[in-house]
Amino acid sequence: MTEQNKRVVDEFRNVYQLGKELGRGGQGAVFAVKNGNYAVKIIFDRSPARRKALRQQLTSVKMLYDIEKLFVARPTYMLEAPYLGYVMELLTDMVPISKLINIPKNTNCLVEWYLEGGGLRRRLLLLARCAESLAQLHGKALVYSDPSPNNIFISADVNNNDIIRFIDADNLQDSSSSSSINVYTPEFGAPELVTGKSGVNTLTDAHAFAVITFKALSLVHPLMGDMVNDGEPELETQALEGKLPWIDDSEDDKNSTTQGFPRDIVLSPYLIELSKKCFGIGLNQPSKRPGVGQWAERLYSAADCTICCPQCNSTYYINQKNCPWCDYPRPTFVRVAIQRWEMLQGRFKEQKPLQILALNSSEPLILTNRIISGRTGIDSHNPNIELVLEGENIKVRSLNGQCFWLTSEGTQIEKEVREKWVRFPAKTGRDGSWLLHFNSLDCSHRLASFYLFPGENV
């Protein structure tokens, strides 16, 4: 499309002036629309059959009553000939997630660039949102078909961890459809798609998303080791077809690499485990591949276990004794364990936590529906409780008007937690520790226990 020809018309004769190209894939390109909250996708195949199929597909997508809750950019109108494509709603100030993956040329300091994009926690939260959205699509018997860094959009504001949109609504397919085709973006297609052994399905979506996650966090492709990058082009084909070991294969290191960030800095132990399953045994056995729901759970859990460095304001995992970005000693923090209260027990008993969160004095900790009730989906992000660490004391308040309860095992004190701040001491041991109940004590519910970890010596 030339500069003189950057105008398209929809089926209702509305004219759109196209701006910069936002992304490009094997099937088409997406452009921003000037002076409007829209984008336009131009599809390369202009055949009558493709036009008919596109109209049917967009009609089906529009019938999804909760498409906005699925974070899919809503298609509005089809384009008039000679172009084939459609107009979609897109929030302003959004960029493809590839901005957090593709390292710009002439980047002098990789760490600085990584942190300028929001750092570790922002990547974890954005990826968790993406996985959650894909899981909801799969729950509706839909397949996205072609997850790639160019069709997942995020807020351009590095302080925003919430807004995502999947563009390319024409990618959506019924997972039970017998007409599924091999649609994928190079480097992100599952081996069974690359070799033509399978059409798209939920597990090919899972592979593509896993590659996006691994690259966004570690800045290296999980299948592209030094052997591939320094070798003949045929080796890249073999790697993408699943014929070579992945870069962190513990049994075969011939395709290992020194590129990217150390995995223990950017991947939690659970994310490392999922990566091993996906790119190890799951590479050529799709049924052994983790689904996107597992990725969502582990990504949220990883983000929960990060703290903010008081020196450089970057985020990192609490299992690191020093900030991996600036080497400043880990500050005092509170390990917040989410567990269950069973009314038949009579008293609280230690158990394996459902979730672990970290609270330090650099920032408040907000407990959402995902934490206090285990919900998933768009409602899971509603805030309920705010926690703040001040010295060795914690203060807590309700954010939604609901009443919560604090109890102390040592003194049998019970306090109501409402909109006003309530303070209690954080302890380094079990004796006299406080429990924050998310429901009344006479029924089963979740609660939070608190354990204080003094900071490392400065």
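Residues numbered from 1 in each chain as written. Predicted model: local features only at pLDDT ≥ 70, side-chain atom pairs only at ≥ 80, totals over all residues. Heavy atoms only, no water.

This part is about the nonpolar core. Ranked by size, the top nonpolar core spans 95 residues in total, and within it Leu217 and Leu299 carry the most contacts. If one sorts the elements of this core by residue count, helix 3 (residues 119–139) sits on top with 10 residues. The residues touching Leu217, leaving out its near neighbours within four places in the chain, are Tyr114, Leu120, Arg123, Leu124, Leu127, Phe261, Val266, Leu267, Leu271 and Leu299. In this structure, Val336, Ile371, Leu387 and Ala426 belong to the second largest nonpolar core, which totals 26 residues. (Core = buried A, V, L, I, M, F, W, Y, C linked by side-chain atoms within 4.5 Å. Buried < 20%, exposed > 50% of the residue type's maximum accessible area, 1.4 Å probe, protein only. Helix = DSSP H or I, 4+ residues; strand = E, 2+ residues; numbered from the N terminus. Contact = heavy atoms within 4.5 Å.)

Turning our eyes to something else, we now look at the layout of surface pockets. In this structure, the largest pocket occupies an estimated 850 Å³ of space. Sorting the residues of the lining of the largest pocket by element identifies helix 3, helix 9 (269–279), helix 10 (292–304), strand 14 (333–341), strand 15 (355–360) and strand 23 (445–453) as the ones contributing at least two each. The residue makeup of the lining of the largest pocket, split by class, is 14 nonpolar, nine polar and nine charged. Taken as a whole, the second largest pocket encloses approximately 670 Å³ of empty space. For the lining of the second largest pocket, the elements supplying multiple residues, two or more each, are helix 3, helix 10, strand 15, strand 16 (365–368) and helix 11 (369–372). In terms of residue class, the lining of the second largest pocket is made up of 11 nonpolar, five polar and six charged. (1 Å grid on protein atoms, 1.4 Å probe; cavity = no way out; pocket = protein on both sides within 12 Å on 5 of 7 lines; lining within 4 Å. Points joined across faces, edges and corners; volume = space filled by probe spheres on them. Nonpolar A, V, L, I, M, F, W, Y, C, P; charged D, E, K, R; others polar.)

Let's shift gears to the pattern of salt bridges. Per the counting criterion, the structure on display carries 17 salt bridges. Among the ionic pairs, Lys243 bridges to Glu241, the shortest N-O distance being 3.0 Å. What makes Lys243 exposed here is its relative accessible area of 56%. A single network of salt bridges, built from pairs that share partners, joins Lys41, Arg50, Asp168 and Asp170. (Salt bridge = Lys/Arg side-chain N within 4 Å of Asp/Glu carboxyl O.)

With that out of the way, let us pick up the packing of helix 3 against helix 5 (residues 202–218). The description of two packed helices rests on the angle between their axes and on the distance between the axes. Relative to each other, helix 3 and helix 5 sit at 175°, their axes nearing to 10 Å. Taken together, the axis directions place helix 3 and helix 5 in an arrangement best described as roughly antiparallel. Contacts from Leu120, Arg123, Leu124, Leu127, Cys130, Ala131, Leu134 and His138 of helix 3 reach helix 5 at Thr202, Asp205, Phe209, Ile212, Thr213, Ala216 and Leu217. Across the contact of helix 3 with helix 5, the residue classes tally to 10 nonpolar, three polar and two charged. (Axes fitted to C-alpha atoms, helices over the stretch in contact; angles between N-to-C directions. Parallel < 35°, antiparallel > 145°, perpendicular 65-115°, else oblique.)

If you trace the six strands from one edge of the open sheet to the other, you get 1-2-3-4-6-5, paired in antiparallel fashion. At either end of the open sheet lies a strand with only one pairing partner, and these are strand 1 (7–9) and strand 5 (75–78). Geometrically, the sheet is characterised by an average inter-axis angle of 40° between neighbouring strands, direction not taken into account. The pairing of strand 1 with strand 2 (residues 15–24) spans three bridges and is antiparallel. (Pairing = 2+ DSSP bridges.)

With that settled, the discussion passes to empty space enclosed by the protein. Throughout the structure, instances matching the rule amount to two cavities of 30 Å³ or more. Its volume calculated, the largest cavity comes out at about 140 Å³. Arg24, Gly25, Gly28, Asp146 and Asp168 are the residues nearest the centre of the largest cavity, which is lined by 17 residues in total. Put simply, the parts of the chain that give the lining of the largest cavity at least two residues each are strand 2 and strand 3 (28–33). In this structure, the second largest cavity occupies an estimated 50 Å³ of space. With three residues, the single largest contributor to the lining of the second largest cavity is helix 5. Class assignment for the residues of the lining of the second largest cavity results in seven nonpolar, four polar and two charged.

Here we come to the environment of Cys309. Turning to its location among the elements, Cys309 is positioned in the loop between strand 12 (306–308) and strand 13 (315–317). Here Cys309 falls in the buried class, since its relative accessible area comes to 0%. The spatial distance from the C-alpha of Cys309 to the C-alpha of Cys326 is 8.7 Å, given a sequence separation of 17 residues. When sequence neighbours within four positions are dropped, the list of residues in contact with Cys309 reads Ser314, Tyr316, Cys323, Cys326 and Tyr328.

What follows is about the packing of aromatic side chains. Counted by the stated rule, this structure contains 14 aromatic pairs. For the pair Tyr144 and Phe166, a centre-to-centre distance of 5.1 Å together with 65° between the ring planes defines the contact as edge-to-face. Of the two residues, Tyr144 is situated in the loop between strand 8 (142–143) and strand 9 (152–155) and Phe166 in strand 10 (residues 164–166); the sequence distance between them amounts to 22 residues. A single burial state applies to Tyr144 and to Phe166, both of which are buried. Between Phe333 and Phe453 the ring centres are 5.0 Å apart and the planes differ by 5°, which places this aromatic pair in the stacked class. Within this pair, whereas Phe333 is found in strand 14, its partner Phe453 is found in strand 23, the two being separated by 120 residues in sequence. Overall, Phe333 belongs to the buried group, its relative accessible area being 3%. Each member of the aromatic cluster is reached from another via a ring pair, and the members are Tyr114, Phe261 and Trp325. (Phe/Tyr/Trp six-rings, centres within 6.5 Å; stacked < 30°, edge-to-face > 60°.)

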